[in-house]
Amino acid sequence: MHSPVAERPRLSACIIAFNEADRIGDCIASLAFCDEIVVVDSYSTDATAAIAQAAGARVLQRAFDGFRSQKHYAVEQAAHDWVLCLDADERVDARLRASIEAARARGFDDAAGYRFARLSEYFGKFLRHGNAYPDRVLRLFDRRRGGWRGQREIHEAASVDGAVATLAGDLIHYPYRSLEQQLSKTERYARMMAEHEHARGKRASLSKLVLAPAWRFWRGYVLRAGFLDGWHGLVYAYVRANYVRQKTIMLWMLERGQALTTPPHQDDTGTPRD
């Protein structure tokens, strides 16, 4: 006697976005196999919301108060318990889609969550070595057994109570529109991480200030063969090492009571001005 085949679980895709009019359409198109697509938009000033709605997504507006919080909110709004979480600059490739659909056909019976590799495009080349790849992320999970938990709003990660399986295929990632954007984004993330670590009592040492950036570069560019990605791999490794340097310097300054940002200048009436 054959056991009954489990009903195929319904799947919600959850996306957070802000001013992603040039990328949200491709992201949604790659999720056509999902039963619904939820986009949580942080009041974009471009056509992000309109494009998402036209593509069939359910669009919700919510003020941004942190990456983890925004993603947790998106998961809460989903109609189904199995969720697939993406950023607007990511797409599911054909092989990953096939892997997800095969797992769903089995009723997602072997895990509470699934991880897969993320493949990042970097100024015209996909990085397949170094610290950039495979960069596995857990993005498909049963929200009844996990989600975007914890207190850290930056470099947030989902977790589940139960087994985690790895699926074949790549989550294609287009993280930067320009070097200027990458450097600005890196500095902002470094500050957010330094503030997070400082609030939790973590300290920066002189040895970490000197050695941690060098180790990040050496590990990614040499030990993990980032050099095989050519000049793209070299630039990427340098920028990522500089992120570690910036974060450690900022933590060092916070420990000594120094401000990380310039306070607004005030005129004689006490009115803030540039």
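Scroll up for the structure.
Quick caveat: nothing in here was measured; it's all calculated off a predicted structure.

Description of helix α6 (residues 206–223)
Given a rise of 1.5 Å per residue, 18 residues ought to cover 26 Å, and the 24 Å separating the end C-alpha atoms of α6 matches this to within 8%. Of all the bends found along α6, the most pronounced is centred on A212 and spans about 30 degrees, while P213, a proline, follows it within four residues. Residues of α6 that are buried: P213, F217, G220 and Y221.

Focus: empty space enclosed by the protein
Per the stated rule, a full pass over the model turns up one cavity of 30 Å³ or more. As for the largest cavity, its lining consists of 14 residues, and the residues nearest its centre are G130, N131, G233, Y236 and A237. Those elements that provide at least two residues to the lining of the largest cavity are α6 and α7 (230–255). With four residues, the top contributor of residues to the lining of the largest cavity is α7. Class assignment of the residues belonging to the lining of the largest cavity gives a composition of five nonpolar, six polar and three charged.

Focus: the sheet that holds strand β6 (residues 113–120)
Within a sheet, adjacent strands bond to each other through the backbone by hydrogen bonds, running parallel or antiparallel. Within the open sheet, the eight strands sit side by side as β3-β2-β1-β4-β7-β6-β10-β5. Their pairing is mixed. Strands at the two margins of the open sheet, each flanked by one partner only, are β3 (58–61) and β5 (90–92). Neighbouring strand axes in the sheet, compared pairwise and without regard to direction, differ in orientation by 30 degrees on average. Of the strands in this sheet, β1 (11–17), β2 (36–41), β3, β4 (82–87) and β7 (137–142) are in contact with helix α3 (residues 67–77), which crosses β1 at around 145 degrees. Across the sheet, helix α4 (residues 94–105) is in contact with β1, β4, β5, β6, β7 and β10 (164–173); its angle to β10 comes to roughly 150 degrees.

As for the nonpolar core
Among the nonpolar cores identified, the biggest contains 33 residues, and I15, L31, L84 and L140 are the most heavily contacted of them. In terms of residues, this core owes the most to one element, β1, which gives four residues. Sequence-distant contacts of L31, defined by excluding residues within four places in its chain, comprise A13, I15, I37, L84, L86 and V92.

The rules behind the values
Residues numbered from 1 in each chain as written. Predicted model: local features only at pLDDT ≥ 70, side-chain atom pairs only at ≥ 80, totals over all residues. Heavy atoms only, no water. Helix = DSSP H or I, 4+ residues; strand = E, 2+ residues; numbered from the N terminus. Expected span 1.5 Å × (residues − 1). Bend = angle between axes of the 7 residues up to and from the residue. Buried < 20%, exposed > 50% of the residue type's maximum accessible area, 1.4 Å probe, protein only. 1 Å grid on protein atoms, 1.4 Å probe; cavity = no way out; pocket = protein on both sides within 12 Å on 5 of 7 lines; lining within 4 Å. Points joined across faces, edges and corners; volume = space filled by probe spheres on them. Nonpolar A, V, L, I, M, F, W, Y, C, P; charged D, E, K, R; others polar. Pairing = 2+ DSSP bridges. Axes fitted to C-alpha atoms, helices over the stretch in contact; angles between N-to-C directions. Contact = heavy atoms within 4.5 Å. Core = buried A, V, L, I, M, F, W, Y, C linked by side-chain atoms within 4.5 Å.

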